[in-house]
Amino acid sequence: MNTEPGLPEPRSATDFSTARLEAFSDGVFAIAITLLVLDLRVPEPDSPREESLAQALAHQWPAYFAYLVSFLVIGIIWINHHAMCALARRVDRRTLFANLFLLLTVSVIPFPTRLLATYLTAPDSDAHTAAAVYAATMVAMGVAFSLLFLAFTSDASRLHTPVPAADRRAALRRFGVGGLCYLATVVLAYVSPVAMLATHALLAVYYCFDQLAPVRRSAPGKSA
């Protein structure tokens, strides 16, 4: 192992650059967030209806609401994912698989979004089921993000600067609070689907605040 000052630390054969991980992830985020807009429909002018265009547009409020919340969720995940990638110089296979798990949950978000937009004002049983599917997807996404954070920070040698254990625990506590709230929304889905969706909007705002701030202050080596 090279210990001379000023020379880069040798790279392990099992380690990989973060560049491809970030590039691939950005592509998935971009596709997922773009697919959301495809569920915003334009009322057909020649369809038989007794309502004006303004009324037809107003009746589509569930689609607008679901779109805005899911857009905000995916956007915040992308921002926090970028902040997390900035911690590492390189990653191992475990981190790559953890990242794939996160991308699995992100790429599927357009489906429960469309499901919820379609059934939000349907009979209670269908609305509750659609809301529960949406909430469960967000639970899986929260778990995946926490696992990715653990994978990124588990080996100090792969980070620009080792993360103190106290700062790592602080970040995990913040994720834990959000995770418990995600679980609570599964129950809330069977009480009020609209309230469940509004709660996810509030959770997205919660994650707008820099949950990785203590960790990034400890490991400022890589610029955004």
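Rules used throughout
- Residues numbered from 1 in each chain as written.
- Predicted model: local features only at pLDDT ≥ 70, side-chain atom pairs only at ≥ 80, totals over all residues.
- Heavy atoms only, no water.
- Helix = DSSP H or I, 4+ residues; strand = E, 2+ residues; numbered from the N terminus.
- Buried < 20%, exposed > 50% of the residue type's maximum accessible area, 1.4 Å probe, protein only.
- Contact = heavy atoms within 4.5 Å.
- Axes fitted to C-alpha atoms, helices over the stretch in contact; angles between N-to-C directions.
- Parallel < 35°, antiparallel > 145°, perpendicular 65-115°, else oblique.
- Left-handed = near helix turned anticlockwise from the far one by under 90°.
- Patch = residues over 30% accessible without salt bridge, like charges linked within 9 Å, V, L, I, M, F, W, Y side chains within 5 Å.
- Areas by Shrake-Rupley, 256 points an atom, 1.4 Å probe, with all protein chains shown as cover.
- Salt bridge = Lys/Arg side-chain N within 4 Å of Asp/Glu carboxyl O.

Trainee: What's the story with the side chain of Thr-105 in this structure? I'm lost.
Mentor: You can see Thr-105 is positioned in helix H4 (residues 93-107). Relative accessible area serves as the criterion here: at 5%, Thr-105 is assigned to the buried category. Leaving out residues up to four positions away in the same chain, Thr-105 has contacts with Thr-137, Ala-140, Met-141 and Ala-144.

Trainee: Please clarify how the packing of helix H6 (residues 124-153) against helix H7 (residues 165-188) should be interpreted in this entry.
Mentor: The axes of two packed helices give the description: the angle between them and the distance between them. Contact pair H6 / H7: the axes reach a minimum separation of 8 Å and the direction vectors enclose 165 degrees. Judged on the interaxial angle alone, H7 and H6 are roughly antiparallel. Along this stretch, H6 crosses H7, giving a crossing that reads as left-handed. Of the residues in H7, those in contact with Ala-135, Ala-136, Met-138, Val-139, Met-141, Gly-142, Phe-145, Ser-146, Phe-149, Leu-150 and Thr-153 of H6 are Arg-168, Ala-171, Leu-172, Phe-175, Tyr-182, Leu-183, Thr-185 and Val-186.

Trainee: Would you mind going over a nonpolar patch on the surface with me for this structure?
Mentor: Nonpolar side chains collect at one region of the surface, where Phe-101, Leu-104, Val-143, Leu-147 and Leu-150 lie side by side and expose about 400 Å² of accessible area between them. If you list the elements that add at least two residues to the nonpolar patch, you get H4 and H6. The leading source of residues in the nonpolar patch is H6, at three residues. Positionally, Val-143 belongs in helix H6.

Trainee: What is the right way to look at the packing of helix H5 (residues 110-119) against H6 in this model?
Mentor: At a minimum axis distance of 9 Å, the contact between H5 and H6 shows a crossing angle of 155 degrees. If you check the angle between H5 and H6, you find them roughly antiparallel. For the element pair H5 and H6, the recorded crossing hand is left-handed. Here Pro-112, Thr-113, Leu-115, Leu-116 and Tyr-119 of H5 lie close against H6, whose contacting residues are Asp-126, Ala-127, Ala-130, Ala-131, Val-133, Tyr-134 and Thr-137.

Purely geometric stuff here, so don't read any function into it on its own.
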